[in-house]
Structures are given as C-alpha cells and as structure tokens.
Amino acid sequence: MNKEKNTYGIRITVLLMLLILPFLGQAQQDAQYTQYLYNTVSVNPAYAGSRGHLSIAGLYRAQWVGLEGAPETQTLNLHTPIGIKGVGLGLSFVNDVIGPTSETFIDLDISYTVQLDFDKQLSFGIKPSANLLNVQFSQLNTNDDTLLPPNIDNQFSPNFGAGVYYHTDRFYAGFSVPRLLETEHFEESSLSTAREQMNFYLIAGYVMELNPFLKFKPAVLTKLVQGAPLQVDLSANFLFNEKFIGGVAYRWDAAFSGLVGFQVSEQFLLGLAYDREITALGGTTFNDGSFELVLRYDFISAIGNLKSPRFF
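A quick note: this is a predicted structure, and the numbers were derived from the prediction, not measured.

Asks: Give me the lowdown on the overall build of the chain, citing residues and values where you can.
Replies: Counting secondary structure elements, the chain contains one helix and 17 strands. For the chain, buried positions account for 47% of its 312 residues. Carbon and sulfur atoms form 65% of the exposed surface of the chain, whose accessible area is close to 14900 Å².

This is the structure in structure tokens:
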C-alpha cells in the first residue's frame, strides 16, 4: 500500500512539474482561449469601445479536466466608448492558475479610433497593467522540502502593452503585444527563473452572408512567444437566424474544438466550447478535455444601435 502511495505521489509531483515548467522556464505564455472572438479585448486593447456601447464579458476555462493541478483561467472584462470622439476605455481582470502557481492581471485598456471611411475604422490601443504572482512551492509533493525555494506571495510587477485593430462591417484584423516588459520575477537557479516574455498576437476574421438566415465566419488567431512553439488557432462558425452559433476549431498540432452559442436576447450571449487534445497528453485516462464558458452582456438602449453583423 505504501508503495502504491509513493508511486501516486511521484506521479502527481512529475505532472505538477510538467505543468509549471513553462512558467519556471525562460518563456512564460499568456492564458489560452478557444473562444477568443468573444474575448478580444483581453489580448488587444485597441478593441476597447469597438462595439459602440458598454459590453461586459466573463469567461471561465478549465483545461485538461481530471488532471490534478491543470490550468484554470477566469477573465472578466468591460469596455465602452466614453463620449469623447474616438476614445474607448476598458478594464480587464485575468486570474490564471496552474498547479501551485497563480497570476492575477488587472489591465486598463485605452483606445483611440480613426474613421477611415463610412464603414472602415482603425483603432490604436495601450494597456497599462498590474500583475500579482503567487507560487506555493510547498504544495509540491516531494520527499525533501528543503530543496524547494520559499513561497512567493502577491509579488507585484507593472507592465504595459499595445495593439492596433482594423475593422469594417464584414472584416477585422488586429495585432497586439499585451505585455511589452520582460519582467524577471525571481531567480533561484537556471531551472527556476520566471520571466515575462512578449506574446505577439495576430487575429483576423471575415463574415460571409450565405443567405438571409445564415452567416459564416472563418477566423484565425496566431500567437508567438520566444521559447515556445508557434500557436495557430483556426475556427469556423455559423450564425443561424441571428440566434444560434455552431462551429469547430483546430489548434495546430494541439487540439480540436467544438463551439456552440446562443443569443439569449438582443443583449445577452452564452457560449460554450470543448477542446480535445491530439497530443500525447490527450490520450491519457486522466484528461477529459478542456471546457470553456463565456457570458456577454451588451448594454444596448435601442436595437438600432446593434453592430451588424453581431459576430465581432
């Protein structure tokens, strides 16, 4: 029995270390989203205010369900035009937990939009942010706690990001770097360095009206960070009768996803996504896939203020 307990403990320790290796290594990545099309302001401050009214969205992601210490992410963001011509303002909260580590980001999103033509807009954005880092090394299962570094509690560091976002009624594209400062949080040895790396995001999408009741939207999100593989997310969604959303997504060499959504009312959107890993991790018995839930509410005083189409 003790042998089984020791084997289980070793397995959990190894899994936790695998989970936090990206954090403890030289390249630290931002949180990952499958429903990025409903969470654009979290990665690109230039999106703030682009919906033309106050918009609030919350997203919860549970990754690799069934695996102890697997990543969990909660985000809450709100953004709106503020009455000064071309200026948008937003506030974002992101809490990202991986094993014994947790990070909380508080971002202020400020944008300025230039009207290029009747239906063409180009926006520029900045993202001042604050980061709180916690690492509970004491939670790791090890036979010798003296080998572990001391815990880190609410270590504060500031950062700054920027982005650009272009859109028409049918097309959008954006480029952003949410965190420009490569802050080094701590360094105990060459194997225990936590450093913020610049994550480069490129997002684009197009809406096709197939008939009066059906719209099709292909989209792509590309993320590049030093020391990690290039991440490419491809998605294809259909909007039926302005109410029901269904689609699929593919994360290059990583996962397939199914997406569904429902426009509960003119203001309220509900979205769900499920990812299934195609890596070696996806074939394990203790990984039931990844789930995402997103809720969005638009404060619209009149239906005539709705953006068309409603896909972005």
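Having put the structure on the table, let's press on.
Asks: Lay out the pattern of salt bridges with the relevant residues and their values.
Replies: Considering all chains together, one arrives at 13 salt bridges under this definition. With a closest N to O distance of 3.3 Å, Arg-179 and Asp-107 form a salt bridge. Note that Arg-179 is positioned in the loop between β7 (171-177) and β8 (184-187) and Asp-107 in strand β4 (residues 101-117), a separation of 72 residues in sequence. Of the charged contacts, one joins Lys-127 and Asp-109 as a salt bridge, the two residues approaching to 2.5 Å between their closest N and O atoms.

Asks: So what's going on with the pairing of strand β11 (residues 208-211)? Which residues, and what values?
Replies: Here three bridges tie β11 to strand β12 (residues 214-225), and the two strands are oriented antiparallel to one another. In the strand pairing of β12, Asn-211 is matched with Leu-214. Between β11 and the antiparallel strand that follows it, β12, lie two residues.

Asks: Which residues make up unusual backbone geometry, and what values go with them?
Replies: Not every positive phi belongs to a glycine, and Asn-241 is a case in point at roughly 55 degrees. Here Asn-241 is to be found in the loop between β13 (231-240) and β14 (244-251). Even without being a glycine, Glu-242 presents a positive backbone phi close to 60 degrees. Within the element layout of this structure, Glu-242 appears in the loop between β13 and β14. Given a relative accessible area of 34%, Glu-242 falls into the partly exposed group.

Asks: Give me the lowdown on the side chain of Asp-233, citing residues and values where you can.
Replies: Looking at the secondary structure, you find Asp-233 in strand β13. Side-chain polar atoms of Asp-233 contact the side chain of Gln-231, separated by 3.1 Å. One polar contact links Asp-233 to Arg-251, side chain to side chain, over a distance of 2.9 Å. Once you skip the residues sitting within four places of it in the chain, Asp-233 turns out to touch Tyr-33, Tyr-36, Ala-219, Val-220, Leu-221, Tyr-250 and Arg-251.

Asks: Can you lay out the packing of aromatic side chains for me, pointing to particular residues and giving the numbers?
Replies: Applying the stated criterion across every chain, the model contains 11 aromatic pairs. Taken together, a centroid distance of 6.4 Å and an interplanar angle of 25 degrees make the contact between Phe-175 and Phe-200 stacked. With Phe-175 in strand β7 and Phe-200 in strand β10 (residues 199-206), this residue pair connects regions lying 25 residues apart in the sequence. The class for Phe-175 is partly exposed, based on a relative accessible area of 39%.

Asks: Talk me through the nonpolar core; I want residue IDs and the actual numbers.
Replies: Nonpolar side chains in soluble globular proteins generally cluster together in the buried interior. Judged by nonpolar contacts, the single largest core of 25 residues is most densely connected at Tyr-33, Tyr-36, Tyr-38, Tyr-165 and Tyr-172. Broken down by secondary-structure element, the contributors of at least two residues to this core are β10 and β12.

Asks: I'd love a proper account of the pairing of β7, names of residues and values included.
Replies: Within a regular beta strand, the side chains point alternately toward one face of the sheet and then the other, so they alternate between its two faces. Sheet analysis places strand β6 (residues 152-167) next to β7, joined by six bridges and oriented antiparallel. Considered in β7, the bridge of Tyr-166 is made with Ala-173. As judged from the six bridges shared by β7 and β10, these two strands associate in the antiparallel manner. If you follow Gly-174 over to β10, its bridge partner there is Ile-203.

About the thresholds
- Sequence order as written defines the numbering, with residues in each chain counted from 1.
- Local features in this predicted model are restricted to residues whose pLDDT is 70 or higher, and side-chain atom pairs enter the listing and the counts only when it is 80 or higher, whereas totals over whole chains, interfaces and linings include all residues.
- Hydrogens and water are ignored here; the side-chain numbers use all heavy atoms of the structure.
- Each helix is a run of DSSP H or I of at least 4 residues and each strand a run of E of at least 2, with the numbering of both proceeding from the N terminus.
- Any residue under 20% of the maximum accessible area for its type is buried, any over 50% is exposed, and the rest in between are partly exposed; the area is computed with a 1.4 Å probe on protein chains only.
- Under the convention used here, a 1.4 Å probe and the Shrake-Rupley method define accessible areas, while residue burial counts only the protein chains that appear.
- Should a side-chain nitrogen of Lys or Arg be within 4 Å of a carboxyl oxygen of Asp or Glu, the pair is scored as a salt bridge.
- Should DSSP find at least two bridges between two strands, the strands are taken to pair.
- Two N or O atoms count as a polar contact when they lie within 3.5 Å, although within protein this holds only if one can serve as hydrogen donor and the other as acceptor, and sequence-adjacent residues are included solely when both atoms are side-chain atoms.
- Two residues qualify as a contact provided that any one of their heavy atoms is within 4.5 Å of a heavy atom in the partner residue.
- Here a pair means two rings of Phe, Tyr or Trp (six-membered ring of Trp) with centres within 6.5 Å. Their orientation is stacked below 30 degrees between planes, edge-to-face above 60, and tilted elsewhere.
- Side-chain atoms within 4.5 Å are what join buried Ala, Val, Leu, Ile, Met, Phe, Trp, Tyr and Cys residues into a set we call a nonpolar core.

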